[in-house]
Amino acid sequence: PDLPAGRSAHQIGVEEMTAVSQDKAPATPDAEAFVVEVEKPIREAWRMFARNKAAVVGLIILTLIILMSIFGPVVYPVDPFEIVGAPLTPPGSEGFPLGTDQQGRDMVAGLIYGSQATLLVGGAAAAITITIGVLVGALAGYYRGWVEEVLMRITEFFQVLPPLLLAMVVVMLFSPSLVTIAIAVGIVSWTGTARLARGEFLRIRELDFVKAERAIGSRNARIIWTIILPNAAPPLIVAAALSVGTAILFEAGLSFLGLSDPNVMSWGYLIGVNRPQILEAWWPVTFPGLAIFITVLAVSLIGDGLNDAFNPKLRQR
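Please read these numbers as outputs of a predicted model, since none were measured by experiment.

A.B. asks: Please clarify how the packing of aromatic side chains should be interpreted in this entry.
C.D. replies: We describe a pair of aromatic rings using the distance from one ring centre to the other and the angle between the two ring planes. One pass over the structure, following the stated rule, counts seven aromatic pairs. Seen from their ring centres, Tyr 142 and Tyr 143 are 5.1 Å apart, and the 90 degrees between their planes marks the pair as edge-to-face. Judged by its relative accessible area of 4%, Tyr 142 is buried. Tyr 143 sits in the partly exposed class, given a relative accessible area of 39%. Seen from their ring centres, Trp 282 and Trp 283 are 5.7 Å apart, and the 90 degrees between their planes marks the pair as edge-to-face. You can call Trp 282 partly exposed: its relative accessible area is 45%. Taken together, Phe 157, Phe 158 and Trp 190 form an aromatic cluster joined through their ring pairs. The positively charged end of Arg 205 is found above the aromatic ring belonging to Tyr 142, 5.6 Å away from the centroid. Its guanidinium or amino end placed over the ring of Phe 256, Arg 275 lies 4.9 Å from that ring's centre, counting from NZ or CZ.

Below you can see the structure in the form of structure tokens.
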């Protein structure tokens with residue numbers, strides 16, 4: 001056949017082969033498609049979480065409590081330790097929406113400032129619990145052998161001790177403060193997380209992709225923290241959420257017993273100092289108790305929603 005003017009058969013063949021190879025080559029995903037692929041698991045988890053209406057309600061309640069602890073002192077600038085009225089003033093009387101306690105302190109200010117200490121101790125203690133639990137469980141589940149034996153015996157030792165009694169001893173050995181309480185609660189609460197982490201590491205370490213990493217010579221630290229831990233994270237995230245509620249209850253119990261910083265207002269402290277007058281005046285004890293109950297309930301509902309979001313069986317359905 002006749003060739004186009006100025007073009008040889010070799011040039012035409014090269015152009016045709018290039019066109020065919022371009023048609024068969026897979027298209028390179030652009031940045032937007034890559035972002036969609038990265039965000040897809042997050043969107044799926046949020047969709048499963050949002051389907052649990054109780055979990056959404058818990059998230060809203062906890063968000064409101066956090067906002068109250070942050071902006072409450074600005075909106076209601078009253079010192080929680082200042083005597084502003086007659087002792088045991090009923091709610092709604094003399095300009096006190098929730099009344100006063102046995103010393104004449106405003107209960108609204110006590111609840112606002114008490115939320116700061118309660119949430120701070122709960123979050124810090126939960127972080128300590130997860131850190132110790134994941135570290136112990138990861139090392140025990142991955143290395144097995146004598147490492148697992150030693151770490152599990154230590155875990156069992158802490159597990160058989162009465163948690164509240166051990167926390168009281170730790171707080172009494174040092175000066176009562178928010179830091180001491182957070183450390184004490186974290187020390188007595190990590191055993192369950194450690195056992196959970198150990199079970200997940202025992203399961204995942206035998207999967208094919210972990211064996212492949214081990215076969216190509218990857219270091220143990222890389223396998224533990226960058227390969228196994230992200231795959232074991234979902235149940236640990238749920239455990240972290242639930243440990244916040246446990247830490248809040250421990251803090252309230254220690255404050256109720258008087259083992260807290262007397263210069264820091266907390267909900268447990270309000271219940272403890274006003275309990276002798278509970279038969280005479282119900283509100284100084286009831287309102288802080290309801291605050292603790294609602295906060296722990298909200299955290300538990302969020303934990304239940306996270307369990308739905310990260311449960312692979314529910315996500316497959």
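From this point, things continue past the structure.
A.B. asks: It is not clear to me how the nonpolar core should be interpreted in this structure. Could you clarify?
C.D. replies: Membership of the largest hydrophobic core comes to 20 residues, with the highest contact counts inside it found for Leu 111, Trp 267, Leu 270, Trp 283 and Ile 292. At the level of elements, α4 (107-143), α10 (220-256), α11 (267-274) and α12 (283-310) are the ones that each hand at least two residues to this core. Residue contacts for Leu 111: discarding those within four places in its chain leaves Met 68, Leu 98, Trp 267, Leu 270, Phe 287, Pro 288 and Ala 291. Counting residues in hydrophobic clusters, the runner-up holds 15 residues, among them Leu 166, Ala 184, Ala 247 and Leu 254.

A.B. asks: Just checking my understanding: could you explain a nonpolar patch on the surface for this structure?
C.D. replies: Taken together, the side chains of Ile 60, Leu 64, Ile 66, Leu 67, Ile 70, Phe 71, Val 74 and Val 75 make up a nonpolar region of the molecular surface, amounting to roughly 800 Å² of accessible area. When you line up the elements, Ile 66 lands in helix α3 (residues 53-75). Taking relative accessible area as the criterion, Ile 66 reaches 36% and is therefore assigned partly exposed.

A.B. asks: Help me understand the packing of α3 against α12 in this model?
C.D. replies: When two helices pack together, their arrangement is given by the angle between the helix axes and the distance between those axes. Packing of α3 against α12 leaves a shortest axis separation of 7 Å and a crossing angle of 135 degrees. With respect to α12, the axis of α3 lies oblique. Where α3 crosses over α12, the handedness of that crossing is left-handed. Within the contact between the two elements, α3 uses Ala 54, Ala 55, Gly 58, Leu 59, Ile 61, Leu 62 and Ile 65 and α12 uses Ile 294, Thr 295, Ala 298, Val 299, Leu 301, Ile 302 and Gly 305. Residue composition of the contact of α3 with α12, by class: eleven nonpolar, three polar and no charged.

A.B. asks: Is there a simple way to explain unusual backbone geometry in this structure?
C.D. replies: The phi angle of most residues is negative, glycine excepted, and most peptide bonds adopt the trans form. Although it is not a glycine, Leu 88 adopts a positive phi angle of roughly 55 degrees. Mapped onto the elements, Leu 88 comes out in the loop between α3 and α4. Even without being glycine, Arg 144 reaches a positive phi, approximately 55 degrees.

A.B. asks: How should I be thinking about the environment of Ser 189 in this particular structure?
C.D. replies: Positionally, Ser 189 belongs in helix α7 (residues 178-189). For Ser 189, a relative accessible area of 19% gives the class buried. On a C-alpha basis, the gap between Ser 189 and Ala 247 in space is 8.0 Å, while along the polypeptide they are 58 residues apart. For Ser 189, the contacting residues outside a window of four places in its chain are Thr 129 and Phe 250. A distance of 2.7 Å separates a polar side-chain atom of Ser 189 from the backbone oxygen of Val 185.

A.B. asks: Is there a simple way to think about the side chain of Gln 277 in this case?
C.D. replies: One can find Gln 277 in the loop between α11 and α12. Of note is the side chain of Gln 277, whose polar atom sits 3.4 Å from the side chain of Gln 102.

A.B. asks: Looking at this structure, how should I read the confidence of the model for the protein?
C.D. replies: It should be kept in mind that the predicted coordinates are not to be read in detail where pLDDT is low. Averaged over all residues, the pLDDT of the protein equals 83, while 85% of them reach at least 70. Here helix α1 (residues 9-24) stands out as the least confident element of the protein, with mean pLDDT 47; α3 is the most confident, with 93. Below a pLDDT of 50 lies the segment residues 17-38, which in the model reaches zero contacts outside its immediate sequence neighbourhood of four places, other chains included.

A.B. asks: What is the right way to look at the packing of α4 against α12 in this model?
C.D. replies: Across the interface, α4 lies against α12 with an axial gap of 11 Å and an inter-helix angle of 35 degrees. Once α4 is placed against α12, the crossing between them reads as right-handed. Residues Met 107, Leu 111 and Leu 119 of α4 form the contact with α12, whose participating residues are Trp 283, Pro 284, Phe 287, Pro 288, Ala 291 and Thr 295. In terms of residue class, the contact of α4 with α12 is made up of eight nonpolar, one polar and no charged.

Conventions and cut-offs
Residues numbered from 1 in each chain as written. Predicted model: local features only at pLDDT ≥ 70, side-chain atom pairs only at ≥ 80, totals over all residues. Heavy atoms only, no water. Phe/Tyr/Trp six-rings, centres within 6.5 Å; stacked < 30°, edge-to-face > 60°. Buried < 20%, exposed > 50% of the residue type's maximum accessible area, 1.4 Å probe, protein only. Lys NZ or Arg CZ within 6 Å of the ring centre and 35° of its normal. Core = buried A, V, L, I, M, F, W, Y, C linked by side-chain atoms within 4.5 Å. Helix = DSSP H or I, 4+ residues; strand = E, 2+ residues; numbered from the N terminus. Contact = heavy atoms within 4.5 Å. Patch = residues over 30% accessible without salt bridge, like charges linked within 9 Å, V, L, I, M, F, W, Y side chains within 5 Å. Areas by Shrake-Rupley, 256 points an atom, 1.4 Å probe, with all protein chains shown as cover. Salt bridge = Lys/Arg side-chain N within 4 Å of Asp/Glu carboxyl O. Axes fitted to C-alpha atoms, helices over the stretch in contact; angles between N-to-C directions. Parallel < 35°, antiparallel > 145°, perpendicular 65-115°, else oblique. Left-handed = near helix turned anticlockwise from the far one by under 90°. Nonpolar A, V, L, I, M, F, W, Y, C, P; charged D, E, K, R; others polar. Polar contact = N/O pair within 3.5 Å; in protein donor to acceptor, adjacent residues only side chain to side chain. pLDDT = per-residue confidence, 0-100.

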